[in-house]
Amino acid sequence: MAARTKARRYAFEILFEAQQRDISPGEVLQRRGKPKGEELAEHGHAVRLIEGVTRHRERIDELLATYAVGWTLDRMPAVDLTVLRIGAFELLWADDVPDGVALSEAVALATEFSTEESPKFVNGLLSRLQDLKPSLAL
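Caption draft 1: Representation of the overall build of the protein chain. Each helix and strand counted, the protein chain has 6 helices and 0 strands in total. When the helices and strands of the protein chain are placed in sequence order, the string is α-α-α-α-α-α. For 138 residues, the compact-globule estimate of 2.2 N^0.38 gives 14 Å, and the protein chain sits close to it at 14 Å. Dimensions of the protein chain, computed from C-alpha atoms along their principal axes, come out at roughly 40 × 30 × 30 Å. Considering the protein chain as a whole, with its 138 residues, one finds that 46% of them fall into the buried category. Accessible surface, the protein chain: about 7,400 Å² in total, of which carbon and sulfur atoms supply 50%. Placing the 18 positive and 22 negative side-chain charges of the protein chain at their respective mean positions leaves the two points 2 Å apart.

The structure is reproduced here in structure tokens:
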């Protein structure tokens, strides 16, 4: 498994746990022990994702709520919402991650951790954001 794929999975675990426990991702990282040394090299992108999703969460959630036709954030499964937040952050703020990679990695996380319908939903919503990306005020 590629290093960034592992990092996305780790970021997903931290962000999901924080959401479920209603605590900050920083608190989850602190409890688990923030990656150091060799682990940091492997999880450095994860820390970047966690910090980025946390920093931009309000705008990410606003965009997801606006473009998720027929879905409110409250109705979305927590797994899907966490995957969408990571995918949206990479798509809109991580310039070093190609859009296609951000989408396919988010779909892969949804495939691994969520329902049978989730990959299609994640792909559709993130694809919509990708189409609108040039016109979105970030």
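Caption draft 2: Spatial organisation of the packing of aromatic side chains. Scanning all chains against the criterion turns up 4 aromatic pairs. Measuring from ring centre to ring centre gives 5.7 Å for Phe-12 and Phe-16, while their planes differ by 15°; the resulting arrangement is stacked. Of this pair, Phe-12 and Phe-16 both sit in helix α1 (residues 3–21), 4 residues apart, which is roughly one turn of that helix. Aromatic side chains Trp-71 and Phe-121 sit 5.4 Å apart centroid to centroid with 50° between the ring planes, which places their arrangement in the tilted category. Of this pair, Trp-71 sits in the loop between α3 (37–67) and α4 (78–93) while Phe-121 sits in helix α6 (residues 118–132), and the two are 50 residues apart along the sequence. Aromatic ring contacts, followed pair by pair, group Phe-12, Phe-16 and Phe-113 into a single cluster. Taking the ring centre of Trp-71 as reference, the NZ or CZ of Arg-75 above it sits at 4.3 Å.

Caption draft 3: Seen up close, the nonpolar core. Among the nonpolar cores identified, the biggest contains 45 residues, and Leu-64, Met-76, Val-83, Leu-84, Val-122, Leu-126 and Leu-129 are the most heavily contacted of them. Broken down by secondary-structure element, the contributors of at least two residues to this core are α1, α2 (25–32), α3, α4, α5 (99–113) and α6. No other element matches α4, which puts 10 residues into this core. Ignoring sequence-local partners within four residues, the contact set of Val-122 consists of Val-83, Leu-84, Ala-106, Val-107 and Ala-110.

Caption draft 4: Structural detail: the environment of Arg-9. Structurally, Arg-9 is set in helix α1. Relative accessible area serves as the criterion here: at 25%, Arg-9 is assigned to the partly exposed category. C-alpha separation for the pair Arg-9 and His-43, spaced 34 residues apart in sequence, amounts to 9.6 Å. Residue contacts for Arg-9: discarding those within four places in its chain leaves Met-1, Leu-109, Glu-112 and Phe-113.

Caption draft 5: Representation of α4 in the model. Between its first and last C-alpha atoms α4 spans 22 Å; for 16 residues at 1.5 Å apiece the expected length is 22 Å, and the two agree. Burial of α4 is extensive: 15 of the 16 residues sit out of reach of the surface.

Caption draft 6: Spotlight on the pattern of salt bridges. A complete count under the given rule lists 13 salt bridges for this structure. A salt bridge links Arg-8 to Glu-105; its shortest N-O distance comes to 3.7 Å. Here Arg-8 is found in helix α1, whereas its partner Glu-105 is found in helix α5, with 97 residues between them in sequence. Classification of Arg-8 by relative accessible area gives buried; the value is 3%. The partner of Asp-61 in a salt bridge is Arg-85, with the nearest N and O atoms 2.8 Å apart. Of the two residues, Asp-61 is situated in helix α3 and Arg-85 in helix α4; the sequence distance between them amounts to 24 residues. Comparing Asp-61 with Arg-85, the two get one shared label, buried. Salt bridges sharing common partners tie together Glu-13, Glu-17, Arg-21 and Arg-32.

Basis of the calculations
- Residues numbered from 1 in each chain as written.
- Predicted model: local features only at pLDDT ≥ 70, side-chain atom pairs only at ≥ 80, totals over all residues.
- Heavy atoms only, no water.
- Helix = DSSP H or I, 4+ residues; strand = E, 2+ residues; numbered from the N terminus.
- Rg over C-alpha atoms; globule rule 2.2 N^0.38 Å.
- Buried < 20%, exposed > 50% of the residue type's maximum accessible area, 1.4 Å probe, protein only.
- Areas by Shrake-Rupley, 256 points an atom, 1.4 Å probe, with all protein chains shown as cover.
- Lys, Arg positive; Asp, Glu negative; His and termini not counted.
- Charge placed at Lys NZ, Arg CZ, Asp CG, Glu CD.
- Phe/Tyr/Trp six-rings, centres within 6.5 Å; stacked < 30°, edge-to-face > 60°.
- Lys NZ or Arg CZ within 6 Å of the ring centre and 35° of its normal.
- Core = buried A, V, L, I, M, F, W, Y, C linked by side-chain atoms within 4.5 Å.
- Contact = heavy atoms within 4.5 Å.
- Expected span 1.5 Å × (residues − 1).
- Salt bridge = Lys/Arg side-chain N within 4 Å of Asp/Glu carboxyl O.

Shape is all these values report; function is a separate question.
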